[in-house]
Amino acid sequence: MAFLVDPLISESIAKLTNLRITPIIEDVVNMNRKLDRTEEERKMFKEELEEAEKLVNKCAKVKRNIFKKFKYSLKLKDFNGKLLRFFQIEVQVFQTRGIVETLSGVHDIKIKMDSIASDVKDIQLSKSWNGNYSGSMSTSTRTDRSGSENMEREKYGWRAPALPKGIVAFDEPLAKLKAEVVAGIGSDDYGDPMDCDDRSVLVVAAAGGCGKTTLVKMLCNDTEIREKYGENIFFVTVSETPNFMVIVNDLFNPNFSGPQVSFQSNEDAKNKLENFLNEKVVGPMLLVLDDVWSDTFIDNFPSRNRECKILVTSRTAFTNYDVFKFDPLNEKDAKTLFRQSAFTKGGKRPSPVISENLVNQMVTCCKRHPLTLSVVGRSLNGKDKSVWESMLKSLSHGRLVLDLHKDVLIGLERSFEALDDEFKECFLDLGLFPEDQRIPVSALLNMWVHLYKHDDGGVDTLAKIFELSYRNLVDLMISGFKNDLGERVNHCDQQFVTQHDLLRELAIHLNSKLSLEKRKRLIINARGDDFPSSIEQVQEPMQARILSISTGESFSSKWCDMGVPYLEVLILNLMSKTYTLPNFLAGNPKLKILNITNHGLYPTEFTNFNFLTSSHNLTRIRLERVDISPSILSLINLQKVSFIMCKIGNGFKKLSTRHQNIWPQLVEIEIDYSQDLVEFPETLCSSVYLKKISITNCNEMCGFNGEIGGLINLETLNLRSCTKLDKLPESMCKLENLSVLDISDCLSLSGLPEKTGKLRGLRTIYMKGCTGVHELPDSVEDLSHVRVVCNEEISYKWQEYSNVEIDLVHEDPLETLKKIMPF
């Protein structure tokens with residue numbers, strides 16, 4: 001039976017294949033003709049198509065002669081193999097040539113555009129000196145320069161944030177603010193900006209949580225504003241204790257992956273910023289300074305530029321500038337916003353029915369305050385009428401004589417009381433971190449694994465974050481790598497949360513209800529060089545299990561004598577280049593979690609890191625932008641270590657060969673954005689309990705120094721975006737427990753180890769963007785069922801293996817070009 005059926009199947013497959021590829025090949029031939037390809041090349045495609053058509057037609061004419069039909073079926077089978085080889089080899093060669101030609105063309109265009117931009121700048125400068133402007137020339141030169149600057153803008157930070165979803169109000173204040181912003185910036189008869197008066201700074205002032213930031217985000221995304229300012233819209237988050245050099249560095253190096261900009265002083269940063277604006281920005285500019293606490297900070301920015309409009313949001317109405325009167329929401333918008341939070345399905349009231357009168361009273365009690373309306377509404381969503389009435393009674397009783405800010409705290413506190421106990425604890429922990437800073441979810445994970453017994457994979461932690469986000473008590477943001485299939489090895493990797501200033505104040509307010517010595521969480525903000533006097537006056541030991549200390553650039557580490565014998569979690573937020581740890585850390589018996597974050601520009605060097613060596617119970621440590629001291633290697637009970645943007649080379653280089661048992665209990669190590677890590681330290685290759693290695697975005701990482709095969713319990717090896725890594729060690733093939741290998745965007749990687757097939761436990765390989773991998777070792781056919789997540793180019797190399805499941809990740813061609821060609 002198979003003898004009779006096979007020819008029919010072969011003919012059907014051939015017909016179907018020919019039917020599908022014919023129009024594609026014809027399109028290729030036509031396009032090659034337009035691109036002026038050689039006749040030989042066009043004939044090559046056409047001949048393959050004609051030969052396939054003749055063979056299929058001959059086979060179709062054979063009706064009854066089974067043996068002849070079988071003969072043609074064999075020819076069809078051979079031709080199918082020939083066609084497959086044609087597309088896999090010859091067509092791919094032409095495709096590669098096309099890609100290279102495209103890149104070459106893009107490069108040529110870039111050079112020409114840079115040249116045009118330079119010529120335009122020279123013409124404009126020349127005309128500004130001569131005072132002779134031609135209308136048509138002015139329009140032309142500005143258009144050409146705009147195209148070049150659009151590409152240049154992609155390299156810089158201070159970009160306007162995306163518009164939040166679900167905004168239902170602010171139409172009226174937006175229209176008024178837009179009118180004020182565009183006022184004074186007009187054009188002369190030649191289309192060039194006219195001089196405007198000195199009122200180039202406009203302050204949007206209102207209490208916390210009134211929607212100032214939301215309003216200016218809407219403005220930045222408004223169509224008319226974008227048409228007027230184009231790419232020249234800049235957005236800067238300032239906060240209460242800003243570091244101007246860090247803020248300017250964020251403009252030049254928004255992703256922390258490039259070299260840090262060197263500033264000698266604030267004045268030097270100011271000069272570099274002014275030079276940037278003069279050279280890169282053509283035409284009107286809108287600069288948003290969000291959350292400014294002191295009007296003196298505005299002086300750092302060019303406020304007298306005739307084409308620059310500075311929009312400031314602040315809780316203070318700075319009287320030396322024009323102030324935009326931000327009225328509360330009108331009744332209609334307030335109701336709409338409240339309904340959106342309080343009722344499901346687009347604001348439609350569910351059962352049980354809540355009366356219109358009850359809704360009106362709740363909106364009134366919320367003072368038409370956006371944040372309060374949203375948070376209180378969410379806390380009542382789906383609740384019984386009795387819960388609504390209880391909330392209304394609490395908000396109404398004796399509160400009308402209080403100011404707006406107090407009312408908001410009361411309303412938010414009621415929402416807090418509706419949380420379950422563990423959610424309350426998690427929310428209160430968010431107040432331990434500085435305002436206007438992203439809080440890494442991995443830092444919360446370290447705390448909550450210890451405090452609330454969360455799982456190490458991050459499932460419990462992320463579930464708590466999602467619930468708090470759903471209640472509008474925190475904002476979850478995703479930054480950095482996330483594959484297109486939405487999966488992560490750890491649910492908390494590369495995820496961050498932010499919190500509104502008012503909600504942070506609520507957390508601090510709730511943490512402060514007990515006296516200093518009895519608080520579970522002790523939050524200390526040192527202003528200048530001094531500790532708060534209330535802390536210095538405490539004589540008895542404090543009972544705090546969690547301590548958060550935030551200091552600024554001028555803090556000289558003059559610690560007061562403070563007793564915290566029950567301390568388990570320490571969070572240090574600092575900005576100094578040098579730092580002395582507090583004396584009370586020496587010999588602290590219960591300290592288990594340490595999180596140090598330097599919010600300054602340069603890595604912090606600690607003068608007495610050895611204080612921690614006597615903290616024998618310290619199990620988790622997370623350091624960000626820190627110069628690693630060799631003394632950290634003496635912390636023998638560490639189980640998880642995270643180095644983020646740290647200078648770590650010296651810490652391991654000073655080890656002698658006798659240091660073979662550092663961190664003997666280590667289970668996980670994470671190194672991200674280290675610019676001086678060249679090789680994986682040999683001393684860590686004997687950490688037999690190590691289960692996860694994550695080395696990401698380390699552009700100098702070239703390989704492994706030592707026998708990685710000794711890590712017999714290693715389950716996850718993450719080397720994502722290590723662009724200089726050219727090969728993987730052969731010894732890794734001894735890792736029988738290795739389950740996940742991530743080599744995504746390792747652009748220099750030439751291939752997999754020859755004995756990769758011995759990794760019988762390997763289940764997932766991420767290798768998107770591995771452009772240097774040209775072939776796979778034959779041993780991969782010995783792998784058990786493995787899932788490969790990759791882009792289309794890499795997928796062709798895996799298709800012949802039946803033991804492989806391929807998940808395609810679709811790349812943005814522009815992003816791929818950016819990796820290859822730095823515009």
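Cut-off values and rules
- Residues numbered from 1 in each chain as written.
- Predicted model: local features only at pLDDT ≥ 70, side-chain atom pairs only at ≥ 80, totals over all residues.
- Heavy atoms only, no water.
- Helix = DSSP H or I, 4+ residues; strand = E, 2+ residues; numbered from the N terminus.
- Expected span 1.5 Å × (residues − 1).
- Buried < 20%, exposed > 50% of the residue type's maximum accessible area, 1.4 Å probe, protein only.
- Arc of directions from axis to C-beta.
- Contact = heavy atoms within 4.5 Å.
- 1 Å grid on protein atoms, 1.4 Å probe; cavity = no way out; pocket = protein on both sides within 12 Å on 5 of 7 lines; lining within 4 Å.
- Points joined across faces, edges and corners; volume = space filled by probe spheres on them.
- Nonpolar A, V, L, I, M, F, W, Y, C, P; charged D, E, K, R; others polar.
- Salt bridge = Lys/Arg side-chain N within 4 Å of Asp/Glu carboxyl O.
- Phe/Tyr/Trp six-rings, centres within 6.5 Å; stacked < 30°, edge-to-face > 60°.
- Disulfide = S-S within 2.5 Å.
- Pairing = 2+ DSSP bridges.
- Patch = residues over 30% accessible without salt bridge, like charges linked within 9 Å, V, L, I, M, F, W, Y side chains within 5 Å.
- Areas by Shrake-Rupley, 256 points an atom, 1.4 Å probe, with all protein chains shown as cover.
- Polar contact = N/O pair within 3.5 Å; in protein donor to acceptor, adjacent residues only side chain to side chain.
- Axes fitted to C-alpha atoms, helices over the stretch in contact; angles between N-to-C directions.
- Core = buried A, V, L, I, M, F, W, Y, C linked by side-chain atoms within 4.5 Å.

A look at helix 5 (residues 171–182)
Then, in step 1: Over its 12 residues, helix 5 runs 17 Å from end to end, which matches the ideal 16 Å to within 8%, given 1.5 Å per residue.
Then, in step 2: Within helix 5 the residues assigned to the buried category are Pro-173, Leu-174, Leu-177, Lys-178 and Val-181. Seen from one end, helix 5 has its buried residues packed into an arc of 135°, which puts them on one side.
Then, in step 3: Buried positions along helix 5 lie against strand 1 (201–205), helix 6 (212–220), helix 7 (223–229), strand 3 (285–292), strand 4 (308–314) and strand 5 (322–325).

Overview of empty space enclosed by the protein
Then, in step 1: Here the structure, examined in full by the defined rule, presents three cavities of 30 Å³ or more.
Then, in step 2: Taken as a whole, the largest cavity spans an internal volume of roughly 50 Å³.
Then, in step 3: Of the residues forming the lining of the largest cavity, the biggest block, three residues, is contributed by helix 13 (residues 370–380).
Then, in step 4: For the lining of the largest cavity, the residue count by class is three nonpolar, two polar and two charged.

Some details on unusual backbone geometry
Then, in step 1: Within the chain, Lys-453 stands out as a residue other than glycine whose phi angle is a positive 60°.
Then, in step 2: Within the element layout of this structure, Lys-453 appears in the loop between helix 17 (441–451) and helix 18 (459–470).
Then, in step 3: Judged by its relative accessible area of 68%, Lys-453 falls in the exposed class.

Thoughts on the side chain of Asn-608
Then, in step 1: When you line up the elements, Asn-608 lands in the loop between strand 14 (604–606) and strand 15 (620–624).
Then, in step 2: On the basis of relative accessible area, Asn-608 is assigned to the buried category, the value being 8%.
Then, in step 3: Apart from the residues lying within four places of it in its own chain, the contact partners of Asn-608 are Tyr-579, Thr-580 and Leu-581.

Considering the pattern of salt bridges
Once the charged atoms of two side chains with opposite charge are near each other, the side chains can pair.
Then, in step 1: Throughout the structure, instances matching the rule amount to 24 salt bridges.
Then, in step 2: Across the salt bridge formed by Glu-224 and Lys-178, the nearest N and O atoms sit 3.6 Å from each other. Of this pair, Glu-224 sits in helix 7 while Lys-178 sits in helix 5, and the two are 46 residues apart along the sequence.
Then, in step 3: Residue Glu-224 is classed as exposed on the basis of its relative accessible area, which comes to 51%.
Then, in step 4: A salt bridge links Lys-724 to Glu-700, with the nearest nitrogen and oxygen atoms 3.0 Å apart. One end of the pair, Lys-724, is in the loop between strand 22 (716–718) and strand 23 (740–742); the other, Glu-700, is in the loop between strand 20 (692–696) and strand 21 (703–704), with 24 residues separating them in the sequence.

A word on the packing of aromatic side chains
For any pair of aromatic rings, the description rests on two quantities: the centre-to-centre distance and the angle between the ring planes.
Then, in step 1: Counting across every chain of the model gives 17 aromatic pairs.
Then, in step 2: Their ring planes at 65° and their centres at 4.9 Å tell us that Tyr-156 and Phe-276 sit as a pair that is edge-to-face. Placement of the pair is Tyr-156 in the loop between helix 4 (135–153) and helix 5 and Phe-276 in helix 9 (residues 266–280), with a sequence separation of 120 residues. With respect to class, Tyr-156 is no different from Phe-276; both count as buried.

A word on the state of the cysteines
Then, in step 1: Tallying each qualifying case throughout the model produces zero disulfides.
Then, in step 2: As a non-bridged cysteine, Cys-746 has Cys-722 as the owner of its nearest cysteine sulfur, 5.4 Å distant.
Then, in step 3: Here Cys-746 falls in the buried class, since its relative accessible area comes to 0%.

A word on the pairing of strand 17 (residues 640–644)
Then, in step 1: In terms of residue burial, strand 17 counts as a mostly covered element, since five of its five residues are buried.
Then, in step 2: Residues of strand 17 alternate between two faces, with Lys-640, Ser-642 and Ile-644 on one and Val-641 and Phe-643 on the opposite face, all of them buried.
Then, in step 3: Across five bridges, strand 15 lies against strand 17 in parallel orientation. Directly across from Ile-621, in strand 17, lies its bridge partner Val-641.
Then, in step 4: Relative to strand 18 (residues 668–672), strand 17 runs parallel, the two being bridged by five bridges. When the sheet's bridge partners are listed, Lys-640 is paired in strand 18 with Glu-668.

Notes on a nonpolar patch on the surface
Then, in step 1: Together, Val-667, Val-688, Tyr-689 and Ile-712 give the surface a local cluster of nonpolar side chains, amounting to about 330 Å² of exposed area.
Then, in step 2: Here Val-688 lies in the loop between strand 19 (679–680) and strand 20.

Section: the side chain of Ser-779
Then, in step 1: Along the chain, Ser-779 turns up in the loop between strand 24 (764–766) and strand 25 (786–790).
Then, in step 2: On the basis of relative accessibility, which here comes to 15%, the residue Ser-779 falls in the buried class.
Then, in step 3: There is a polar contact of 2.6 Å between the side chain of Ser-779 and the backbone oxygen of Glu-754.
Then, in step 4: Discounting chain neighbours no more than four positions away, the residues touching Ser-779 are Glu-754, Lys-755, Thr-756 and Gly-757.

So, the packing of helix 13 against helix 14 (residues 385–396)
The geometry of a pair of packed helices is captured by two quantities: the angle between their axes and the separation between those axes.
Then, in step 1: Two elements in contact, helix 13 and helix 14, have axes whose closest approach is 10 Å; the angle formed by their N-to-C orientations is 145°. Residues Val-376, Ser-379 and Leu-380 of helix 13 pack against Val-387, Trp-388, Met-391 and Leu-395 of helix 14.
Then, in step 2: Each residue belonging to the contact of helix 13 with helix 14 can be placed in one class, and the counts come to six nonpolar, one polar and no charged.

Here's the deal with the nonpolar core
Then, in step 1: Counting 91 residues, the largest nonpolar core has Met-562, Phe-643, Trp-663 and Trp-798 as its most contacted members.
Then, in step 2: Once residues lying within four places of it in the same chain are set aside, the contact partners of Trp-663 are Ile-632, Leu-633, Leu-635, Ile-636, Leu-638, Val-641, Phe-643, Phe-652, Ile-669, Leu-684 and Ser-687.
Then, in step 3: Counting residues in each nonpolar core, the second largest holds 45 residues, with Ala-169, Val-181, Phe-324 and Cys-366 among its members.

Overview of the sheet that holds strand 14
Then, in step 1: Strand order in the open sheet formed by three strands is 12-14-16, and the pairing between neighbours is parallel. The open sheet has two edge strands, strand 12 (578–579) and strand 16 (626–627), and neither has a second partner.
Then, in step 2: Direction of pairing for strand 12 relative to strand 14: parallel, over a ladder of two bridges. Bridging from a neighbouring strand, Thr-578 pairs with Glu-605 of strand 14.

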